[in-house]
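# Structural overview
Chain residues, written in single-letter form:
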Number of protein chains: 2
Amino acid sequence: MKILIVGGVAGGASAAARLRRLSEKDEIIMFEKGEYISFANCGLPYYVGEVIQSRNKLLVQTVEGMGTRFNLDIRNWTEIVGIDREAKTVTARKVATGEEYTESYDKLILSPGASPIKPRIEGIEEANNVYTLRNIPDTDRIKEKVDLEKPEKAVVIGGGFIGLEIAENLRERGVDVTIVDMSSQVMAPIDFEMAQIVHTHLREKGVQLLLEENVSAILDGGKKVRLDSGIELESDMILLAIGVMPESTIAKEAGLEVGVKGAIKVNEHLQTSDPSIYAVGDVIEVKDYIHGTDTYIPLAWPANRQGRLVADHIHGKEAVYHGTLGTSIAKVFDLSVASTGSNEKLLKRLGVPYEVVHVTPNSHAGYYPGAAQLNLKLIFDKETGRIYGAQAVGKEGVDKRIDVIATAIKGNMTVLDLPDIEIAYAPPYSSAKDPVNMAGYAATNIMEGMAETVQWHEIDEIVANGGYLLDVRSPGEVAKGAIKGSVNIPIDELRGRLDEIPQDKDLYVTCQVGMRGYLAARILEGNGISVKNLDGGYHLYSIVYR
Amino acid sequence: MKILIVGGVAGGASAAARLRRLSEKDEIIMFEKGEYISFANCGLPYYVGEVIQSRNKLLVQTVEGMGTRFNLDIRNWTEIVGIDREAKTVTARKVATGEEYTESYDKLILSPGASPIKPRIEGIEEANNVYTLRNIPDTDRIKEKVDLEKPEKAVVIGGGFIGLEIAENLRERGVDVTIVDMSSQVMAPIDFEMAQIVHTHLREKGVQLLLEENVSAILDGGKKVRLDSGIELESDMILLAIGVMPESTIAKEAGLEVGVKGAIKVNEHLQTSDPSIYAVGDVIEVKDYIHGTDTYIPLAWPANRQGRLVADHIHGKEAVYHGTLGTSIAKVFDLSVASTGSNEKLLKRLGVPYEVVHVTPNSHAGYYPGAAQLNLKLIFDKETGRIYGAQAVGKEGVDKRIDVIATAIKGNMTVLDLPDIEIAYAPPYSSAKDPVNMAGYAATNIMEGMAETVQWHEIDEIVANGGYLLDVRSPGEVAKGAIKGSVNIPIDELRGRLDEIPQDKDLYVTCQVGMRGYLAARILEGNGISVKNLDGGYHLYSIVYR
Ligand SMILES: Cc1cc2nc3c(=O)[nH]c(=O)nc-3n(C[C@H](O)[C@H](O)[C@H](O)COP(=O)(O)OP(=O)(O)OC[C@H]3O[C@@H](n4cnc5c(N)ncnc54)[C@H](O)[C@@H]3O)c2cc1C
Ligand SMILES: Cc1cc2nc3c(=O)[nH]c(=O)nc-3n(C[C@H](O)[C@H](O)[C@H](O)COP(=O)(O)OP(=O)(O)OC[C@H]3O[C@@H](n4cnc5c(N)ncnc54)[C@H](O)[C@@H]3O)c2cc1C
Ligand SMILES: CC(C)(COP(=O)(O)OP(=O)(O)OC[C@H]1O[C@@H](n2cnc3c(N)ncnc32)[C@H](O)[C@@H]1OP(=O)(O)O)[C@@H](O)C(=O)NCCC(=O)NCCS
Ligand SMILES: CC(C)(COP(=O)(O)OP(=O)(O)OC[C@H]1O[C@@H](n2cnc3c(N)ncnc32)[C@H](O)[C@@H]1OP(=O)(O)O)[C@@H](O)C(=O)NCCC(=O)NCCS
Ligand SMILES: [Ca+2]
Ligand SMILES: [Ca+2]
C-alpha cells in the first residue's frame, strides 16, 4: 500500500509512526512544507520566554532521525498544492525551486493543521512588527525581535491560551504587555466568573488587560494600536493571537466536504467525503463529545489520537473516534486554568438546561504546607446527573481534577458517582474528601433536593427585589466585605436566633465559599424555613464584583 | 432518633456532621476516649519533622467548635467499654475518674479505628524508647524525644507508609534512620520491582534499609535492636510501625461478627450483624472492590466516605458502599509512590491470570523544564481488558495518573478505553499522549496481539536457557550496562542487519524502557520473525538487579 501524508507534525507524524508499526511493507511518504517535522508547537511560547533554553529541544524528531527509524520517505520543504481524487494523485511543489511533481496514493492522510487568523485591520499590511506564532520560523522571528531589539511594549491581540502564553513569556523577558480582547473575558473555554480569577492574576503580574475592546487600526507602521474606544496603545511589537483557521484550501479545491469554519468533514473513522482520504488534527471538524454537534477544537491530544486511529483504520482495525471533549489547560503565570466538556455559554446557546456548583476546597490538606485554594466548577444535568463539564482555576492540582472529571465523563459516570471516586490520599496530594468528591457531594445534594442554590449573577437582583439575604460568616469576615443588603448572623449563633429570621420574605443565605451557607440552609430547613444558598458564597461573588 | 457514635475522628466525625445536616432533630452523642476529636492523623509524621510547624494545625475541629456548629453532644475523655445489644445501651467510662454510666441508643455507629500492632519482642517491655504513632499524644511524645534529647540513631521497624513517613521526618530532623522490614520490600501495596525504586531512593537519602530482617530482641532497655541475622543496631529511639489491628474488642464482646484480622463484618450498608449498629473506618472488614473478597484496608478516604454513607442510610437513603479499591499514596522524600486496585502479589495469591505493562514516559513534555521519569505499571486481564490495578513511582504527576486510573476502574473502563481518555494537555502538565494513554496503548497492543512481552524476572532464565536477546539501544547506552548475554544491534540499523538474526533460536528484544524494543519487534514481525519484547526494558531490569 502507498500512503501519502500531508503535514509532518502532531497528526501527520503520529500517523506515520503508527503506520510503520503496523506494517513494514507500506510505502509511506510524508510531506511537510516547512523545514521541520514533528516539532513541539506547544513549547514555542516558552522558548521565547527562555523557559525552554535550547532551541533543539523543540525538535522532537528530525527528518533524518525519524526517516531512518520508521523507514519513511520524509519530504520537507515540499508543499502539497493539489489533490486529484480521480487519479488518486497529489501535486507536490518544492518550496525552494517551485518545481512541481505528482505522486500517487492508495490512501491520503491530511494533517496540514491550522493557521493563525489575520484579520483585515487598517494599517496591518504597512506594519513591520506584527507577529503570529505557529511554527519554528515564527518563533525565531519573535525571539530575535526580543533578543536584539529589546522591545519595551507589546500588544497582544487575543486572550486565548496562545495569547496568554505569549503574554506571559514576553512579560518574563521584561516586556510591558497589554492584552486586548473583544470579549468580556480571556480563555473562552471557561465561563466569565472563572475567567475573572485569571483577569485579576494577570493584572497582579503587571499585564494590562483591555477587555471588550476591538482593534480598529494599526498606526505609524505598527508603533501604535488604536482601539474602537479611541484608546491608543504604544507598541514595539504586536502579537496576533485571535484564533486559527483550518488549512483546508487544497481539500476544498478537491471538492471534499467542509463544515464549521471551513474545517474538513470526516466520519467516525476520520474519512473525508472521499473514503480514500483521511483527515486529522486542526484541519477537521469534530463531533462535540457531549452533544454530538459539529464543532471545531484544534488541540494536540485529538491530533495525536486521530493520527494513530487513522493508521489503525487503514490497516483494517475497528478504529472509531468518538468526538472531542475539549479538555484543555493553560499555565497563566502562577495559575493553572483548565476545563473539560461544555461550559455555560455553550449550554445556553444550545438551550440545554443545566445546574452549576462551585466548590473551593484546598488543593491538598490545609495543614500541609503549600495548599492553595482550588476553584472548581461542575456543570451537570439536574435530572439525570449527567456531567456536562467542569472548569478549574488555581495554583495546584488543577490538571488532576479536570483529568479525573474528563475520565469520569468518558466512563459515563454521573455526578452521583463522583463521591465514590476513590482517590489517592495523603496530605501532600489531596484531602480525605478530594475536591472532585466534594463537587460530587454538592451536586448530589442539589439533585436529591438537600440543597437549592442561586448563582452569583442572580443575587444582587434578588436582594434589590426584596429577597432577604442572611450572611452566616463571622463579623470579622463580614467587615472585610459583604454583599449589599445582607444581614449577618454567624452560623454558630443561628440556632439561637431563629426568631430574627423574617417570616414574610424570600430567604437566601451566604457565607465565604458556600459550605457554611449550605449548613445554615440545612439548619433552617430543619426548622421548617425554606432557603436558597448562594453557590460559591462571597468568595465567588467578590471575584466578579471586586 | 438518638444516635451514639464511638470515636470522634475520620469516620465518626464525618458521620456526625452529615447526620446533623440531615436532621436538626436527632440527638447525637459522640464519644471519644482521647482528648481530641477530628484531628489530622495523616499529618502527624509531618509535625514530628517540623514540616507542619504549628501543632494547632493538626486539630481540624475542636470539641467546642464542632459541638456548637453541629449541635452535637461531644464527650471526649470518655471511652465506650461495652455494648448491651438487648438493652440498646452502651457503657461509657470517664477516663479521668473511671466513673461509668450507660447511654441508650436507637442507632449506634462504631468508628473506633485501629491501633498499632505491638508484637511480643524480647525486651520490648523493658525498653523506654519504643514509640508508636497513632494520635496526638503519641506525636507529642515522639516530638518531645527528638526536640529534647536529639537522638542520633533511630530504628524504624516496618516499612509501610507510616514507617516511611516517620523515617523521612526523623531524617529531616537529622536523625540517622534504619528501617527494618521482614519482607523483601517496603510499601506492600506496590510490587517488588516498583519498590526497588523506592529502596534506591531511601538509600540515596541516607536511610539504611534492612530487608528480610526480623527483630529478635530489644536489648539494654532499648539502646540496641538485635535482628535474627545477628546484626545489632544502636538505637536512641525505636519506632514500631508494622501495621495496625482493628479496635474491635467491644464489638467482639458484644457478639458482633468479625472477619479478616478481627475486623467487624458489615453489609453493603455498613450495618454490622446487628442492624442497629453500624461500623465504619479502620475497624471494619471491607470488600475488595475488584474481586469482592473480604479484606482489610485501613485508609482515610474509605473512613470518611463510609461515615457519610452511614448517616445517609440511617436517614433512609439508598446508601451503598461498593467496596474499597485501596487507592493509596505516600510521599517518600522526593518520590511519590501510589497504587490502586490489585497488585501482582494479590492476583497470584488469588490465582487470577493477568498481564502487566510498564511504561516510563515523562511526567510532562520532556522539553519543558522539570519533567521527570514516571514509572507506571498497569495490570489487566488480557482477555477482557479489565483493569486490575496500577502502580506509579516518580517525582511528579504520580497522584494524577493513579487517580485517573482509579476513576477509570470505577467507571468500568477497560485498558482499551485508556487511549481515549482525553486529558488536559499543555507542556507543564502532560504530553499530547499522557502516560495513562501510553499505558493504555501498550496494553491494547498486547490484547490485540501486536506485542508480546516477557517480564524482568523471566529474562535471565530465558537467556541462560539459550534464548537470543537482541538489545536495540545505541552502543553508548549498552556500554553503560546491559543484560548478560544480549547482542547489540541498534534499532536504526536493524532493517539492514536482519541476516544477523539467528533462525533457530527463541528471540527476545530489549531497549532502554521498552519502546524501541516494541518497534524492533514490529520490524522483525513485519519480516516474518517472531519475537518477544522485554517489558520495561533495561531500565526496569537494572532497577531490580543493579
Ligand atoms: C504556540 C502554540 C501553542 C500550542 N499549545 C498547545 C497546548 O498547550 N495544548 C494543546 O493541546 N495544543 C496546543 N497547540 C495546538 C497544537 O499544536 C495543535 O492542535 C496540533 O499541533 C495540531 O496538529 P496538526 O497535525 O493538525 O497540525 P500541526 O501540528 O500544525 O502540523 C501541520 C503541519 O502541516 C504542514 N502543512 C500545512 N499545509 C501543508 C501542505 N499543503 N503541504 C505540506 N505541509 C503542509 C505545516 O507546515 C505544519 O507543519 C498549540 C499551538 C501553537 C501554535
Ligand atoms: C500517622 C498516620 C498517618 C496516616 N496517613 C494516612 C494517609 O496519608 N492516607 C490515608 O488514607 N490514611 C492515613 N492514615 C490512616 C487514617 O488516619 C485512618 O484510616 C482513619 O483515620 C481511620 O478513621 P477511623 O474513624 O476509623 O479511626 P480514627 O480516625 O483513628 O478514629 C478513631 C478514634 O476512636 C477513638 N476510640 C477508639 N476506641 C474508642 C472507644 N472504645 N471509645 C471512645 N473512643 C474510642 C480513638 O481514640 C480515635 O480517636 C494515617 C494514620 C496514621 C496514624
Ligand atoms: C512523536 C511523534 C512523532 C509520534 O511518535 P509515536 O511513535 O507515535 O509516539 P511516541 O513516541 O509517543 O510512542 C508511542 C508508541 O510507543 C509505544 N510505547 C510507549 N511506551 C512503551 C513501552 N514502555 N513499551 C512498549 N511500547 C511503548 C506506544 O504503545 C505507542 O505505540 P503504538 O501507537 O503502536 O501503540 C508525534 O507525536 C510528534 O510529532 N509529536 C510532536 C508534535 C506534537 O505532537 N505537537 C503537539 C504537541 S507539542
Ligand atoms: C472534618 C470532619 C469533621 C468532616 O466534616 P464534614 O462537614 O463532613 O466535611 P467537610 O468539612 O469536608 O464538608 C463537607 C460538606 O460540605 C459540603 N460542601 C463542601 N463545599 C461546599 C460548597 N462549596 N457549597 C456547598 N456545600 C459544600 C459537602 O457537600 C459536604 O456536605 P454533605 O456531606 O452534606 O454533602 C471530618 O472529616 C474529620 O474529622 N476530619 C479530620 C480527621 C480525618 O479525616 N483524618 C483522616 C485524614 S487526616
Ligand atoms: Ca439554582
Ligand atoms: Ca507476557
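Remember, it's a predicted structure, so these values are computed and weren't measured experimentally.

Reading the values: rules and limits
- Residues numbered from 1 in each chain as written.
- Chains lettered and ligands numbered in written order.
- Predicted model: local features only at pLDDT ≥ 70, side-chain atom pairs only at ≥ 80, totals over all residues.
- Heavy atoms only, no water.
- Contact = heavy atoms within 4.5 Å.
- Buried area = accessible area lost by both parts, 1.4 Å probe.
- Salt bridge = Lys/Arg side-chain N within 4 Å of Asp/Glu carboxyl O.
- Polar contact = N/O pair within 3.5 Å; in protein donor to acceptor, adjacent residues only side chain to side chain.
- Helix = DSSP H or I, 4+ residues; strand = E, 2+ residues; numbered from the N terminus.
- Nonpolar A, V, L, I, M, F, W, Y, C, P; charged D, E, K, R; others polar.
- Near = heavy atom within 4 Å.
- Areas by Shrake-Rupley, 256 points an atom, 1.4 Å probe, with all protein chains shown as cover.
- Buried < 20%, exposed > 50% of the residue type's maximum accessible area, 1.4 Å probe, protein only.
- Least-squares fit on C-alpha atoms with pLDDT ≥ 70 in both.
- Expected span 1.5 Å × (residues − 1).
- Donors = N, O, S within 2.8 Å, 3.2 Å for Na, K, Ca; no water.
- Pairing = 2+ DSSP bridges.
- Axes fitted to C-alpha atoms, helices over the stretch in contact; angles between N-to-C directions.
- UniProt positions renumbered as here; feature names shortened; annotations may be inferred.
- Domains from an automatic or database assignment.

With that settled, the discussion passes to the interface of chain A and chain B. Where interface size is quoted, it is often the accessible area lost as the parts come together. The interface is formed by 78 residues belonging to chain A together with 78 residues belonging to chain B. Across the chain A/chain B interface, buried area totals approximately 7400 Å², and carbon plus sulfur atoms make up 56% of it. Ranking the residues of chain A by area buried against chain B places A:Trp301, A:Tyr367 and A:Glu422 at the top, with a combined share of 12%. Along the contact surface separating chain A from chain B lie 14 salt bridges. Notably, a salt bridge pairs B:Arg495 with A:Glu24, separated by 2.8 Å at the nearest N-O pair. At the junction of chain A and chain B, the tally comes to 45 residue pairs in polar contact (both at pLDDT 80 or more). With nine residues, the single largest contributor to the side of chain A that touches chain B is helix H10 (residues 398-410) of chain A. In terms of residue class, the side of chain A that touches chain B is built from 37 nonpolar, 18 polar and 23 charged.

Neighbouring residues of ligand 2: 30 residues in total, closest A:Tyr425, B:Gly11, B:Glu32, B:Ser111 and B:Asp282. Within the backbone of B:Gly11, one N or O atom sits 2.8 Å away from an oxygen atom of ligand 2. In this structure, B:Ile80 approaches ligand 2 through a main-chain N or O atom, which is 3.0 Å from a nitrogen atom. For ligand 2, the accessible surface in isolation is 990 Å², of which the surrounding protein chains cover 95%. Taken together, the elements giving at least two residues each to the shell around ligand 2 come down to helix H1 (10-22), strand E4 (78-84), helix H5 (161-172) and helix H8 (300-314) of chain B. Partitioning the shell around ligand 2 into residue classes produces 18 nonpolar, seven polar and five charged.

Turning our eyes to something else, we now look at the side chain of A:Ser363. Counting through the fold element by element, A:Ser363 comes out in the loop between strand E23 (355-359) and strand E24 (374-380). For A:Ser363, a relative accessible area of 1% puts it in the buried group.

The subject of this paragraph is the relation of the copies chain A and chain B. Rotating chain A by 180° about the axis while translating it 0.0 Å along that axis superimposes it on chain B, leaving an RMSD of 0.0 Å. Here the transformation between the copies is reduced to the relation of a two-fold axis. Here 100% of the contact residues of chain A are again contact residues in chain B; the copies associate through an equivalent surface.

So, on to the site of ligand 3. The local shell around ligand 3 holds 30 residues, among which A:Arg18, A:Arg21, A:Ser38, A:Arg308 and B:Tyr518 are the closest. Flanking ligand 3 are residues from chains A and B. Between ligand 3 and B:Val513 there is a distance of 3.3 Å, counted from a nitrogen atom to a backbone nitrogen or oxygen. For ligand 3, the protein covers 90% of the area, taking 960 Å² as the surface of the free molecule. Elements with a minimum of two residues in the shell around ligand 3: helix H1 (10-22), helix H3 (63-70) and helix H8 (300-314) of chain A together with strand E23 (355-359), helix H11 (435-447) and helix H15 (515-526) of chain B. With six residues, H1(A) is the single largest residue contributor to the shell around ligand 3. Here the residues of the shell around ligand 3 are counted per class, giving 19 nonpolar, seven polar and four charged.

All names here are of chain B. The end-to-end C-alpha distance of H5 is 16 Å, a good match for the 16 Å that twelve residues give at a rise of 1.5 Å each. Taken residue by residue, H5 has Gly163, Leu164, Glu165, Ile166, Ala167, Glu168, Asn169 and Leu170 as its buried positions. Directly after H5, the chain includes Gly174, whose backbone phi takes a positive value near 90°.

Right, let's get into the environment of A:Leu22. One can find A:Leu22 in helix H1. Under the relative-accessibility criterion, A:Leu22 is labelled buried at 14%. When residues no more than four places from it in sequence are discounted, the contact partners of A:Leu22 are A:Ala311, A:Asp312, A:His315, A:Lys317, B:Met450 and B:Arg522.

Right, let's get into the coordination of the calcium ion (ligand 5). The protein atoms donating to the calcium ion (ligand 5) are A:Glu355 (OE) and A:Thr453 (O), with metal-donor distances spanning 2.5 to 3.0 Å. Within this pair, whereas A:Glu355 is found in strand E23, its partner A:Thr453 is found in strand E26 (residues 453-454), the two being separated by 98 residues in sequence.

Before going further, it helps to spend a moment on the sheet that holds strand E4 (residues 78-84) of chain A. Each strand in a sheet pairs with another by means of backbone hydrogen bonds, the pair being arranged parallel or else antiparallel. All names here are of chain A. Spatially, E4-E5-E6 is the arrangement adopted by the three strands of the open sheet, whose pairing is antiparallel. Either end of the sheet is taken by a strand with one partner, and the two such strands are E4 and strand E6 (100-104). The sheet shows a mean angle of 30° between the axes of neighbouring strands, direction not considered. Judged from the five bridges that link them, strand E5 (residues 89-94) and E6 form a sheet pairing that is antiparallel. What sits directly across from Ala92, in E6, is Tyr101.

Moving on, we come to the UniProt feature "domain: Rhodanese" (unreviewed entry) in chain A. Residues annotated by UniProt as "domain: Rhodanese" (unreviewed entry) correspond here to residues 463-543 of chain A. Helix and strand shares over residues 463-543 of chain A are 37% and 16% respectively, and the end C-alpha atoms of the span are 19 Å apart.

This next bit is on the domain arrangement of chain A. Residue and element names in this part refer to chain A. Each assigned domain of chain A is listed with its residue range as follows: domain 1 (2-113 + 245-315), domain 2 (130-242), domain 3 (334-447) and domain 4 (453-545). Computed from C-alpha atoms alone, the centre-to-centre distance between domain 1 and domain 2 is 30 Å. Contact with domain 1, which involves 17 residues of that partner, is made by 16 residues of domain 2. Carbon and sulfur atoms make up 64% of the surface buried where domain 1 meets domain 2, a total of about 1500 Å² over both sides.

On to the pattern of salt bridges, then. Residues and elements named next belong to chain A. Under the definition given, this model contains 84 salt bridges over all chains. Two residues, Arg173 and Glu50, come together in a salt bridge whose shortest N-O distance is 3.7 Å. With Arg173 in the loop between helix H5 (161-172) and strand E11 (176-181) and Glu50 in the loop between helix H2 (44-48) and H3, this residue pair connects regions lying 123 residues apart in the sequence. For Arg173, a relative accessible area of 22% corresponds to the partly exposed category. A salt bridge links Glu500 to Arg497; its shortest N-O distance comes to 2.8 Å. The partly exposed category is assigned to Glu500, whose relative accessible area is 39%. Residue classification places Arg497 among the partly exposed residues on the basis of a relative accessible area of 23%.

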